[in-house]
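Here is how the chains run, residue by residue.
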Amino acid sequence: MDRNGVMEGELEGKEMNKCVEEEVSHLALDIGGSLIKMVYFCVSNNCSVHQGILSSKGSCGLSNGNANCSVLKGKLHFLKFETTKINECLEFLSSKQFHRNGGYCHGDCASDKNIIKATGGGAFKFADLFKEKLGMTLDKVDEMDSLVAGANFLLKEASREAFTYMDGQKEYVQIDQKDLYPYLLVNIGSGVSMIKVDGDGKFERVSGTSVGGGTFLGLGKLLTKCKSFDELLELSHSGNNRVIDMLVGDIFGGMDYSKIGLASTAIASSFGKAVSEDKDLEDYRAEDVARSLLRMISNNIGQIAYLNALRFGLKRIFFGGFFIRGHAYTMDTISVAVNFWSKGEAKAMFLRHEGFLGALGAFMSYKEDGLTDLMAHHFVEQVPIKPSLCAGGSLNNSSILEDVNENGSIECTVQLSN
Ligand SMILES: Nc1ncnc2c1ncn2[C@@H]1O[C@H](COP(=O)(O)OP(=O)(O)O)[C@@H](O)[C@H]1O
Ligand SMILES: CC(C)(COP(=O)(O)O)[C@@H](O)C(=O)NCCC(=O)O
């Protein structure tokens, strides 16, 4: 796995084998414009999968004591691949035999009737490819439905999922389930969707913008010649946006424009300095360009999000999508924008499993499918555990913010009807 958490190389493959030995019962995909997100449930050793119906070989150690193991213990795992490298995803699924036991089957798993829940535009675009290469049918789940289901699930079931981030301070937010709705969900993927959520399955996509994560990476690649998202983020770390952005102070001779509440250090015009300076792109440091770009896009999304929150009187805004990547400066910029525009009234919040909302929602939709005998899920998040520890090993509690999505498997139980 590279620094992005994108699968590559043998080592991760070996680590994942351990999980396969423990049996993957269900798997769902979110195939987006930039990344493929995968969520799968790995049944703990003492339970196994037979013909698509999960049953126990021994005691599952769970409450109902039913020999058919209607409650399974295991872990939810999270992985991502670049969409342009979809073949790596297919190879991974194939090598791990996920196409045999990752979906649900109509009685006969050995047949080609494997069906996998999938959301995102790629569920349409790549349906034939999955069929041709793996004999897998992608059962399409609507992207907005999935995002909302994934977010609601995490906000209600997972502990330490939502947090605020301001001035370098991360604070987990205790969500009162009775007081969750309404909220604004802002998913920053390649593009940005803004969804007003009023309940389970009750929502409206109220806005969106095409200036999103794809814009950041696309423009960043053109302007800095960097090759990857991580490289671009890394560059932005050591950059100074003031070299390129035109500040209020640049226009007002170092003074604030206090009458309208603008400090001299506020950005008056992103990239505005490049207008008057007789410089070529090469004369600017790639670090500074990356920083200005990140700031411009984060600010803009924060502002549009706030305006939509204002439009509907929403106080809480949850930001998801892989543009964020747990990156301090991105979250800080978004938080400052929301705080500034709302005069402290609205709050920006972020999610640990930010990029996996759609995939989780697609995963949850198995429970609506009678074919699976899957009645309901009950998830209990425990300690984030590295996928490599799936088959045992010491617990790792020191989850790093940036890597939580790859390392933060969730211990859970899945309830199935007999
Ligand atoms: N490893 C990565 N490769 C490409 N883009 C990444 C990566 N990590 C984060 N990103 C950012 O995340 C965005 C995609 O977010 P995501 O939520 O997966 O959306 P989508 O569903 O459109 O693929 C990209 O546009 C980019 O800004
Ligand atoms: C079309 C999309 C829903 C696709 O989702 P994505 O793959 O970007 O996560 C998203 O890119 C989007 O909402 N774009 C903004 C389009 C607009 O409202 O202008």
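Here the structure is a predicted model, which is why all the values come from computation and not from measurement. (Residues numbered from 1 in each chain as written. Chains lettered and ligands numbered in written order. Predicted model: local features only at pLDDT ≥ 70, side-chain atom pairs only at ≥ 80, totals over all residues. Heavy atoms only, no water.)

A. Fine view of the overall build of the protein. Broken down by element type, the protein carries 14 helices and 18 strands. Within the protein, buried positions represent 53% of all 418 residues. For the protein, long-range pairs separated by at least 24 residues make up 68% of all intrachain contacts whose partners lie at least 6 apart in sequence. (Helix = DSSP H or I, 4+ residues; strand = E, 2+ residues; numbered from the N terminus. Buried < 20%, exposed > 50% of the residue type's maximum accessible area, 1.4 Å probe, protein only. Contact = heavy atoms within 4.5 Å.)

B. Expanded view of a nonpolar patch on the surface. Side chains of Ile-251, Phe-252, Met-255, Tyr-257 and Ile-260 sit close together on the surface and give an oily, nonpolar patch of about 480 Å² of accessible area. Its location among the elements puts Phe-252 in the loop between α9 (248-251) and β14 (267-269). The exposure class of Phe-252 is partly exposed, given its relative accessible area of 33%. (Patch = residues over 30% accessible without salt bridge, like charges linked within 9 Å, V, L, I, M, F, W, Y side chains within 5 Å. Areas by Shrake-Rupley, 256 points an atom, 1.4 Å probe, with all protein chains shown as cover. Salt bridge = Lys/Arg side-chain N within 4 Å of Asp/Glu carboxyl O.)

C. Structural context of the domain arrangement of the protein. With domains assigned, the protein is organised as domain 1 (9-141 + 357-416) and domain 2 (162-244 + 284-351). Listed as interface residues are nine residues of domain 1 and, on the opposing side, twelve residues of domain 2. Both faces considered, domain 1 and domain 2 share a buried interface measuring about 820 Å² in area, 64% of it formed by carbon and sulfur atoms. Here domain 1 and domain 2 share one residue pair in polar contact (both at pLDDT 80 or more) between them. For the side of domain 1 that touches domain 2, the per-class residue count stands at three nonpolar, three polar and three charged. (Domains from an automatic or database assignment. Buried area = accessible area lost by both parts, 1.4 Å probe. Polar contact = N/O pair within 3.5 Å; in protein donor to acceptor, adjacent residues only side chain to side chain. Nonpolar A, V, L, I, M, F, W, Y, C, P; charged D, E, K, R; others polar.)

D. Representation of unusual backbone geometry within the structure. The peptide bond linking Tyr-181 to Pro-182 adopts the cis configuration, its omega dihedral lying at -5°. With respect to the element layout, Pro-182 can be found in the loop between β9 (169-172) and β10 (183-188). Of note, Arg-160 is a non-glycine position whose phi angle comes to about 45°, a positive value. The residue Arg-160 is located in the loop between α6 (143-157) and β8 (162-166) in this model. The class for Arg-160 is exposed, based on a relative accessible area of 55%. Positive phi, close to 50°, is recorded for Arg-325, a residue that is not glycine. Tracing the sequence through the fold places Arg-325 in the loop between β15 (316-320) and α12 (328-342). Relative accessible area serves as the criterion here: at 10%, Arg-325 is assigned to the buried category.

E. Broad picture of a negative patch on the surface. Together, Asp-278, Asp-280, Glu-282 and Asp-283 line one region of the surface with negative charge. Tracing the chain through its elements places Asp-280 in the loop between α10 (273-276) and α11 (286-312). (Lys, Arg positive; Asp, Glu negative; His and termini not counted. Charge placed at Lys NZ, Arg CZ, Asp CG, Glu CD.)

F. Representation of the confidence of the model for the protein. Overall, the predicted model of the protein reaches an average pLDDT of 80, with 73% of residues at or above 70. Segment residues 1-20: pLDDT under 50, and 46 contacts once partners within four positions in sequence are set aside and those in other chains are kept. Long-range and interchain partners of residues 370-407, a stretch whose pLDDT sits below 50, account for 110 contacts in this model, where long-range means more than four residues apart. (pLDDT = per-residue confidence, 0-100.)

G. A look at the site of ligand 2. Near ligand 2 the following residues occur: Gly-33, Glu-143, Met-144, Ser-190, Gly-191, Val-192, Ser-193, Arg-205, Gly-208, Thr-209 and Ser-210. One of the backbone N or O atoms of Ser-190 is found 3.3 Å from an oxygen atom in ligand 2. If you tally residues by element for the shell around ligand 2, the top one is strand β12 (residues 202-209), at three residues. Looking at side-chain class alone, the shell around ligand 2 contains two nonpolar, seven polar and two charged residues. (Near = heavy atom within 4 Å.)

H. Layout of the sheet that holds β12. Pairing in this open sheet of seven strands is mixed, and the strands run β9-β8-β16-β15-β10-β11-β12 from one edge to the other. With partners counted over all chains shown, the strands left at the sheet margins are β9 and β12, one partner each. Going across the sheet, the axis of each strand differs from the next one's by a mean of 30°, ignoring polarity. Sheet topology note: the β10/strand β11 (residues 192-199) ladder contains six bridges and is antiparallel. Within β11, the position partnered with Leu-184 by the bridge is Lys-196. On the sheet, α11 packs against β10, β11, β12 and β15 and is oriented at approximately 140° with respect to β12. (Pairing = 2+ DSSP bridges. Axes fitted to C-alpha atoms, helices over the stretch in contact; angles between N-to-C directions.)

I. Up close: the site of ligand 1. Looking at ligand 1, there are 17 residues lining it, with Leu-35, Lys-37, Ser-190, Gly-213 and Arg-325 nearest. Lys-37 places a polar side-chain atom, nitrogen or oxygen, 2.7 Å from an oxygen atom of ligand 1. The backbone of Gly-214 places a nitrogen or oxygen atom 3.0 Å from an oxygen atom of ligand 1. Starting from 570 Å² of accessible surface for ligand 1 in isolation, the protein chains cover 94%. Those elements giving two or more residues to the shell around ligand 1 turn out to be β2 (35-43) and α7 (213-224). The dominant element in the shell around ligand 1, judged by the number of residues it contributes, is α7, at three residues. For the shell around ligand 1, the class distribution of residues is six nonpolar, nine polar and two charged.

J. Representation of the pattern of salt bridges within the structure. Summed over the entire model, instances satisfying the criterion amount to nine salt bridges. Its salt-bridge partner being Asp-250, residue Lys-273 comes within 3.1 Å of it at the nearest N-O pair. Here Lys-273, found in helix α10, pairs with Asp-250, found in helix α9; they are 23 residues apart in sequence, far enough to count as distant. What makes Lys-273 buried here is its relative accessible area of 16%. With a relative accessible area of 41%, Asp-250 lands in the partly exposed category. Two residues, Glu-345 and Lys-315, come together in a salt bridge whose shortest N-O distance is 3.8 Å. Of this pair, Glu-345 sits in the loop between α12 and β16 (347-351) while Lys-315 sits in the loop between α11 and β15; the two residues are 30 residues apart in sequence, bridging distant segments of the chain.

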